[in-house]
Amino acid sequence: MVLTRLDQESYRQTYNQPLADRSLISCPHCDLMQRLPDLAPGASARCARCNLELWRRREDSLNRTLALAIGAALLYAVANSVPMLGLTVVGREAFTTVLGGAQHLWEDGRETVAALVLFTAIIAPALQIGFMLAIVLGARRQPVPRWVGFLLRHHRITHTWSMIEVMMLGVLVALIKIADYATVIPGLALFVLGALVFVLAGMQSSFDAREVWERIEWADARAAQAAADCNDG
Amino acid sequence: MKSAAITAMQHGLHSCEGCGLLSRPGPQQEQGRCPRCAHQLTFRKADSIQRTWAFVIAAAICYIPANVLPVLTTTTATGSESDTILQGVVLLWSPTGWPLSLIVLFASIMIPSAKIIALAYLLITVQRGSVSNNEQRVRLYRTIEFIGRWSMVDVFVDTFTAALIQLQPLMSVEPGPGLFFFAAVVVLTMLAAESFDPRLIWDAASSQEVST
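Residues numbered from 1 in each chain as written. Chains lettered and ligands numbered in written order. Predicted model: local features only at pLDDT ≥ 70, side-chain atom pairs only at ≥ 80, totals over all residues.

Q: Whenever I open this one, the overall build of chain A confuses me. Can you help?
A: Summing up its helical and strand segments, chain A has 9 helices and 8 strands in all. The principal-axis extents of the C-alpha atoms in chain A amount to approximately 85 × 45 × 35 Å. A total of 233 residues make up chain A; the buried ones form 36% of that total. (Helix = DSSP H or I, 4+ residues; strand = E, 2+ residues; numbered from the N terminus. Buried ≥ 20, exposed ≤ 12 C-beta atoms within 10 Å, placed from the backbone.)

Q: Explain the overall build of chain B here, please?
A: In terms of helices and strands, chain B carries 7 helices and 8 strands. Considered along the principal axes of its C-alpha atoms, chain B spans approximately 80 × 35 × 30 Å. The buried share among the 212 residues of chain B stands at 46%. By sequence separation, contacts in chain B at least 24 residues apart represent 64% of the contacts at least 6 residues apart. (Contact = placed C-beta atoms within 7 Å.)

Q: How do you make sense of the interface of chain A and chain B when you look at a structure like this?
A: One frequent convention defines the size of an interface as the accessible area lost when the parts assemble. Between chain A and chain B, the residue contacts involve 57 residues of the former and 58 residues of the latter. No other element matches the 10 residues that helix 6 (residues 164–178) of chain A contributes to the side of chain A that touches chain B. Residue composition of the side of chain A that touches chain B, by class: 34 nonpolar, 14 polar and 9 charged. (Nonpolar A, V, L, I, M, F, W, Y, C, P; charged D, E, K, R; others polar.)

Q: I keep staring at helix 5 (residues 153–164) of chain B and nothing clicks. Help me out?
A: Think of an α-helix as 3.6 residues a turn; residues three or four steps apart then line up on the same face. All names here are of chain B. With 12 residues, helix 5 should cover 16 Å at 1.5 Å per step; its first-to-last C-alpha distance of 17 Å lies within 8% of that length. Helix 5 sits mainly inside the fold: 12 of its 12 residues count as buried. Buried residues of helix 5: V153, D154, V155, F156, V157, D158, T159, F160, T161, A162, A163 and L164, and no others. (Expected span 1.5 Å × (residues − 1).)

Q: What is the right way to read the domain arrangement of chain B from this model?
A: Residue and element names in this part refer to chain B. According to the domain assignment, chain B consists of domain 1 (1–43) and domain 2 (45–211). The straight-line distance from the C-alpha centre of domain 1 to that of domain 2 is 34 Å. Between domain 1 and domain 2, the contact holds 6 residues from the first and 4 residues from the second. Of the residues in the side of domain 1 that touches domain 2, the class split is 3 nonpolar, 3 polar and no charged. (Domains from an automatic or database assignment.)

Q: Explain the environment of F207 of chain A to me, please; I cannot follow it from the model alone.
A: Residues and elements named next belong to chain A. One can find F207 in the loop between helix 7 (188–206) and helix 8 (209–215). Taking the number of C-beta atoms within 10 Å as the measure of exposure, F207 has 23 and is therefore buried. With 141 residues separating them in the primary sequence, F207 and L66 have C-alpha atoms 9.0 Å apart. F207 has contacts with R58, S61, T65 and M132, leaving out every residue within four places of it along the chain.

Q: I'm lost on the sheet that holds strand 7 (residues 166–167) of chain B in this one. Help?
A: Hydrogen bonds along the backbone pair up the strands of a sheet, which may run parallel or antiparallel. Residues and elements named next belong to chain B. Taken in spatial order, the 4 strands line up as 6-5-8-7 in an open sheet, and their pairing is antiparallel. The two strands at the open ends of the sheet, each matched to only one other strand, are strand 6 (79–83) and strand 7. As defined by bridge partners, strand 5 (residues 72–76) adjoins strand 8 (residues 171–175) across 5 bridges and the pair is classed as antiparallel. Bridge assignment links T73 to a residue of strand 8, and that residue is E174. The sheet strands contacting helix 5 are strand 5, strand 7 and strand 8, and the helix crosses strand 8 at an angle near 145 degrees. (Pairing = 2+ DSSP bridges. Axes fitted to C-alpha atoms, helices over the stretch in contact; angles between N-to-C directions.)

Q: Could you clarify how one ought to interpret helix 4 (residues 134–147) of chain B in this entry?
A: Residue and element names in this part refer to chain B. Helix length check: helix 4 (14 residues) gives 20 Å between terminal C-alpha atoms against 20 Å at 1.5 Å per residue, within 8%. Turning to helix 4, its buried residues are R137, V138, Y141 and I144. The buried residues of helix 4 all sit within an arc of 115 degrees when viewed along its axis, so they share a single face. Along helix 4, exposed side chains directed more than 90 degrees from the buried face belong to Q136 and F146. Each element contacted by the buried residues of helix 4 is listed here: helix 3 (98–127), helix 6 (178–195) and helix 7 (199–211). (Arc of directions from axis to C-beta.)

Q: What am I meant to see in the pairing of strand 8 of chain B here?
A: If a strand is regular, its side chains alternate between the two faces of the sheet. Two elements, strand 7 of chain B and strand 8 of chain B, share 2 bridges in a ladder whose sense is antiparallel. Bridge pairing in strand 8 of chain B places Q166 of chain B opposite S172 of chain B.

Q: I keep staring at unusual backbone geometry and nothing clicks. Help me out?
A: Note: most peptide bonds trans; most residues except glycine with negative phi. A cis amide bond links Q142 of chain A to the next residue, P143 of chain A, at an omega of -5 degrees. Structurally, P143 of chain A is set in the loop between helix 4 (111–138) and helix 5 (146–161). Even without being glycine, D31 of chain A reaches a positive phi, approximately 70 degrees. Summarising the element assignment, D31 of chain A is placed in the loop between strand 2 (24–26) and strand 3 (33–35). Positive phi outside glycine occurs at A38 of chain B, with the angle close to 65 degrees. Within the secondary structure, A38 of chain B is located in the loop between strand 3 (32–33) and strand 4 (40–41).

Q: Could you clarify how one ought to interpret the pairing of strand 6 of chain B in this entry?
A: All names here are of chain B. Sheet analysis places strand 5 next to strand 6, joined by 5 bridges and oriented antiparallel. The residue of strand 6 that forms the bridge with T75 is S80. Here strand 5 hands over to strand 6 after 2 residues, the two strands then running antiparallel side by side.

Q: Looking at this structure, I do not really get the environment of T84 of chain B. What am I missing?
A: Residues and elements named next belong to chain B. Turning to its location among the elements, T84 is positioned in the loop between strand 6 and helix 2 (85–92). Note on T84: 18 C-beta atoms within 10 Å, which makes it partly exposed. Here the alpha-carbon distance between T84 and L179, two residues 95 residues apart in the chain, equals 9.0 Å.

Q: Is there a simple way to think about the nonpolar core in this case?
A: A72 of chain A together with V104, V155 and A183 of chain B are the most contacted members of the largest nonpolar core, which has 121 residues in total. A total of 12 residues in this core trace back to one element, the largest contributor, which is helix 6 of chain B. Excluding anything up to four places from it in sequence, A183 of chain B contacts V113 and L116 of chain A together with V155 of chain B. (Core = buried A, V, L, I, M, F, W, Y, C linked by C-beta atoms within 7 Å.)

Below you can see the structure in the form of structure tokens.
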């Protein structure tokens, strides 16, 4: 009896009370409260005040995202293990990989910039793909385990800092610059990275975060129970 | 009437940044936890204005050495030459290379400075409680958020140019000290955009709408 009371006290202090009606949301960009309509797959809802896309319901989101995430993982593995760019000039050859670019910066004493290149071109994309794979695999369980929520919350950061497409543009510019001095040999990784840019974009846009959040196991089990009772009654 | 409230904050509700759930904090509580994802909740991002100003000012300071110091040093048998970002753009300008030259000009010079100015404009209008041009201002914020990453292009260009052109003693290219400051500008403006809370743009207008 005492335990339950203590329990209830700490529960009130830590967790907020959810609303009974879960279709009520507020716009993340202007905080206007509005009700999300029930959307058909492929349809989207926009904020009535600031026109932000609040939700786009994706068709067969989990399966498609899983397929694209597996594809992205394979392309990523190839892209980072074969040469990306090479050049020949008067009989001499030089090759580099993505990692080689960061490594060279490090050796030249630009450690901070090297770390940034390493993070945005190698680590963040790996996390982006890895998190997404884990999310869509975990989301197949019923109920969806809580660690999926942790990954889902941090996935946005990995997406922001994963800059494969920016790197591709940078490599193309570098290629044209170097073409003045030497013969440039585009490596296999360059084409694989080009494909990866599109697969990653497809992976992001086939994913429907709201669908996963709706089925996730709540941190506050009691609130979840209360919310479920409300919906039933 | 109290029911005229239009935003979640006016209703006393937290909106979770992580999972989007609306929830009600305990009485007199500013903070709480999302019952669904356990994320720490506040009505607005914590110290959004101060943090964003700090990042913007730091970025503006780094912007100067980023453009004055060389980003690449090319050493050939006849001597060595250092190029700043702008000189790199000029070097790239040729009958065939001009589109790329324009891309680098936009990504490396226009976007970072435009971002710094735009964020300062958003901060000042929010601090003055402006209620006009809300839609344009939030659109400006979304553009900043979307376009910021593309400034990294020049960092990658210099990285791979330096990594490839290692043909000692014929020719070698080394990254210069400007590259650090340039990368700092990109990262700081991205962090500034991240710490800015766009809901602040609408708060003055929201409270006006309720009181009338």
